[in-house]
Amino acid sequence: MNIKHAPATVQSLGTTRTVTQRNSALQQNCPGPSNGLRFRTRNNRHQEQTLKIGTLNIITMNNKIEECIDILIDRKLDILGLSEVKRKGCGCEELRSGFHIYWSGGDNAKNGVAIIVNKTIKDLVTEVTDRIIKMNIKLHDEIISILQCYAPQAGCPDSDKLDFETQLENHLRGDKNIIMGDMNAQVGTDRTNQETVMGPWGYGNQNPEGERLIDLCIRNEMLLGNTWFKKRDSHKITR
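Residues numbered from 1 in each chain as written. Predicted model: local features only at pLDDT ≥ 70, side-chain atom pairs only at ≥ 80, totals over all residues. Heavy atoms only, no water.

### A few points about the pattern of salt bridges
Note the cut-off: A pair is scored as a salt bridge if a Lys or Arg side-chain nitrogen falls within 4 Å of a carboxyl oxygen belonging to Asp or Glu. Here a helix means four or more residues in a row that DSSP labels H or I, a strand means two or more in a row labelled E, and each is numbered from the N terminus. We call a residue buried when its accessible area falls under 20% of the maximum for its residue type, exposed when it is over 50%, and partly exposed in between, using a 1.4 Å probe and counting protein chains only.
Within this structure, the stated rule accounts for 10 salt bridges. The salt bridge involving Arg-96 is made with Asp-70; its shortest N-O contact spans 2.5 Å. Taken together, the residues Arg-96 in the loop between β7 (90–94) and β8 (100–104) and Asp-70 in helix α1 (residues 65–74) connect sequence positions 26 residues apart. As a salt-bridge pair, Glu-165 and Arg-219 come within 3.0 Å of each other at their nearest N and O atoms. Here Glu-165, found in helix α2 (residues 158–170), pairs with Arg-219, found in helix α3 (residues 208–219); they are 54 residues apart in sequence, far enough to count as distant. Glu-165 gets classed as buried once you look at its relative accessible area, which sits at 14%. With relative accessibility at 45%, the residue Arg-219 sits in the partly exposed group.

The following block contains the structure:
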């Protein structure tokens with residue numbers, strides 16, 4: 001099966017990238033490669049609740065859902081975001097083992113995003129475009145917004161990139177937002193004057209899409225979460 005597998009804690013050109021709100025009560029724990037990203041919240045009784053998420057670029061959703069469910073079960077994920085699902089329309093479907101998939105693919109099967117969740121999550125999904133799908137998760141008394149994205153590729157017109165960026169920022173409401181998915185950007189390793197956004201473990205050379213992503217993070221006081229985790233180079237890019 002041909003699946004581009006990029007966990008939520010790696011970053012580079014054409015791979016998965018997780019962006020989290022800086023002024024957030026969420027705590028990030030560094031998992032092993034490909035095991036997802038954990039977030040913890042506490043209620044007023046100081047009880048902890050952990051949310052474990054991951055994301056994949058699967059190129060197409062045809063005949064790959066069963067393997068995605070196996071990944072959720074094997075790695076004990078609560079949420080799995082999918083990019084480039086290439087499925088028309090939008091909707092929800094119940095899967096085996098109590099999982100549900102929500103997808104948004106627009107009028108054609110060119111792009112498309114989806115989120116698979118387990119049965120214990122109280123969620124509200126908004127189908128946005130064929131490149132963004134948003135889910136609001138309630139953990140204790142806190143609402144966390146998760147946006148699974150598939151950004152325009154480097155060769156797409158600048159107008160497409162601007163439209164995507166505008167739509168994405170319009171959905172960044174509240175102080176707890178997680179952006180994940182295939183952002184088609186490379187932020188590089190130079191973090192001069194960007195230490196509050198980038199961690200010490202970037203990859204490669206920054207491209208124009210990476211610069212735009214960093215600017216988006218600065219404007220919205222967000223972190224490039226993947227750059228704060230040390231990974232082997234083979235776990236930083238999709239092939």
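### Side note on the nonpolar core
Threshold: Definition used in this section: a nonpolar core is a set of buried Ala, Val, Leu, Ile, Met, Phe, Trp, Tyr and Cys residues joined via side-chain atoms within 4.5 Å. Pairs of residues are marked as contacts when any of their non-hydrogen atoms sit within 4.5 Å.
By size, the foremost hydrophobic cluster in this structure holds 19 residues, and its most contacted members are Cys-149, Phe-164, Leu-168, Ile-179, Met-183 and Leu-224. Secondary structure elements with two or more residues in this core: β12 (142–150), α2, α3 and β14 (222–224). In terms of residue count, α3 provides more of this core than any other element does, 4 residues in total. When near neighbours in sequence (up to four residues on either side) are disregarded, Phe-164 contacts Arg-131, Ile-132, Cys-149, Tyr-150, Ala-151, Pro-152 and Met-183.

### As for α1
What counts here: To obtain the arc, one takes the directions from the helix axis to the C-beta atoms.
Inspection of α1 places Ile-65, Cys-68, Ile-69, Ile-71 and Leu-72 among the buried residues, and these make up the whole buried set. Seen along its axis, α1 keeps its buried residues to an arc of 155°; they face one direction.

### A look at the packing of α2 against α3
To keep things clear, this is the line we draw: To define axes, lines are fitted to C-alpha atoms, for helices over the stretch in contact only, and angles between the resulting N-to-C directions are given on a 0 to 180 degree scale. In this scheme, roughly parallel covers angles under 35 degrees and roughly antiparallel covers those over 145, while 65 to 115 is roughly perpendicular and the rest are oblique. Left-handed describes a crossing whose near helix is turned anticlockwise from the far helix through less than a right angle; right-handed describes the clockwise counterpart.
Interhelical geometry of α2 versus α3 gives an angle of 20° and a closest axis separation of 12 Å. Taken together, the axes of α2 and α3 are roughly parallel relative to one another. Judged by the twist between their axes, the crossing of α2 over α3 is right-handed. Counted together, Lys-161, Leu-162, Glu-165, Leu-168 and Glu-169 of α2 and Glu-209, Arg-212, Leu-216 and Arg-219 of α3 form the full contact between these two elements.

### Things to note about the side chain of Asn-111
Where we set the bar: The term polar contact refers here to a pair of N or O atoms within 3.5 Å; inside protein, the definition further demands a hydrogen-donor-capable atom paired with an acceptor-capable atom, and it admits residues adjacent in sequence only when both atoms are side-chain atoms.
Position of Asn-111 among the secondary structure elements: in the loop between β8 and β9 (113–117). Taking relative accessible area as the criterion, Asn-111 reaches 7% and is therefore assigned buried. Of note is the side chain of Asn-111, whose polar atom sits 3.2 Å from the side chain of Arg-131. Discounting chain neighbours no more than four positions away, the residues touching Asn-111 are Glu-84, Val-85, Lys-86, Asp-130, Arg-131 and Tyr-150.

### Brief notes about the confidence of the model for the protein
Note the following rule: The predictor's confidence in any single residue is recorded as pLDDT, a number from 0 to 100.
Overall, the predicted model of the protein reaches an average pLDDT of 80, with 77% of residues at or above 70. When mean pLDDT is taken per element in the protein, α1 scores highest with 95 and strand β3 (residues 27–29) scores lowest with 29. Contacts from residues 1–16, a stretch scored under 50 in pLDDT, to residues over four places away or in other chains number 86 contacts. Note on residues 22–35: pLDDT is under 50 here. Beyond four places in sequence and across chains, it has 47 contacts.

### Concerning unusual backbone geometry
At Asn-63, a residue that is not glycine, the phi angle is positive and equals roughly 65°. Following the sequence through the fold, Asn-63 ends up in the loop between β5 (48–57) and α1. With relative accessibility at 76%, the residue Asn-63 sits in the exposed group. Of note, the phi angle at Glu-221 is positive, near 55°, even though the residue is not glycine. Residue position: Glu-221 is located in the loop between α3 and β14. Residue classification places Glu-221 among the partly exposed positions, given a relative accessible area of 40%.

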